[in-house]
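Structure at a glance
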Amino acid sequence: MRGAPGKPRTEDADLAAAAEEDRTSYRYTWVPTAAEVDDYIDAQLARAAAGTLAPYAQVAKAIGRAVGATAYWDPRLWPRRNELCAVEVGFTWLAASAQGAGLNTEAKFLLFAHAFEHWRVVRVDLKTDARNNRSRAAIERLGARFEGVLRCWSRSWAPGEDGMLRDSAMYSIVATEWPASRARLQARLRGQERQRQGGAD
């Protein structure tokens, strides 16, 4: 999310502006306010230093600004081998103006492709608050398979539920499914690109 120590973090101002757009879609997802962005980035980088997270700013190429964030999370190794076998994609949020514009599809395609084709993982996990129908629909559009709901599984980010646990809806894509999922995502990306070009005429 930032470059070498001592260099300015250009993402800070971008993410602060992005987070302060219409926040109604963040009901079940923790997104920092503008005042919290510096601490948010520092916390994500601390997790990265600990080896539990690889965070990324999501940049909209059309405007050249960061409009959200995403990450690899919870890397898991093969038993008795120092090789990655599975990873979660999460900590994802987008500014209201960037939602529905194809950025989520493109970012997830890049993350999935790197995990399956470079790291050679056998599984990519995704999870969300079981009540978050918007997020669940987005995950399902990516081609991930619903595996069930784990009750009282992880921290709730919903307002008024600090210190409480949520039920988590669990999804995954496994390596044998990736070629078909890859083709579907590429088709979606092509369709979204055609729509953008058509809208520009």
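See the structure shown above.
Nothing here was measured: the structure is a model prediction, and the numbers come from that model.

Empty space within the largest pocket amounts to approximately 1,300 Å³. Forming the boundary of the largest pocket are 49 residues, of which Thr29, Phe91, Thr92, Trp93 and Ser135 lie nearest the centre. Broken down by element, the residue count for the lining of the largest pocket peaks at 7 residues, all from strand β3 (residues 84-94). Split by residue class, the lining of the largest pocket holds 20 nonpolar, 15 polar and 14 charged. Here the second largest pocket is characterised by a volume of approximately 620 Å³. Looking at the second largest pocket, it is lined by 24 residues, and the ones nearest its centre are Val59, Ala60, Lys61, Leu103 and Glu106. In terms of residue class, the lining of the second largest pocket is made up of 15 nonpolar, 5 polar and 4 charged.

Moving on, we get to the nonpolar core. One broad trend across soluble globular proteins is that nonpolar side chains are buried collectively. Grouped together as the largest cluster of nonpolar side chains are 23 residues, with contacts concentrated most on Phe112, Phe116, Val124, Leu126 and Trp178. Only β3, α3 (103-118), β4 (123-129), β6 (165-174) and α5 (178-200) provide two or more residues apiece to this core. The greatest single-element share of this core, amounting to 6 residues, is contributed by α3. Those residues in contact with Leu126 that lie beyond four places of it in its chain are Val89, Lys108, Phe112, Ile139, Leu142, Ala144, Ala169, Met170 and Tyr171. In this structure, Leu15, Ala19, Tyr26 and Ile41 belong to the second largest nonpolar core, which totals 13 residues.

Procedures and definitions
- Residues numbered from 1 in each chain as written.
- Predicted model: local features only at pLDDT ≥ 70, side-chain atom pairs only at ≥ 80, totals over all residues.
- Heavy atoms only, no water.
- 1 Å grid on protein atoms, 1.4 Å probe; cavity = no way out; pocket = protein on both sides within 12 Å on 5 of 7 lines; lining within 4 Å.
- Points joined across faces, edges and corners; volume = space filled by probe spheres on them.
- Helix = DSSP H or I, 4+ residues; strand = E, 2+ residues; numbered from the N terminus.
- Nonpolar A, V, L, I, M, F, W, Y, C, P; charged D, E, K, R; others polar.
- Core = buried A, V, L, I, M, F, W, Y, C linked by side-chain atoms within 4.5 Å.
- Buried < 20%, exposed > 50% of the residue type's maximum accessible area, 1.4 Å probe, protein only.
- Contact = heavy atoms within 4.5 Å.

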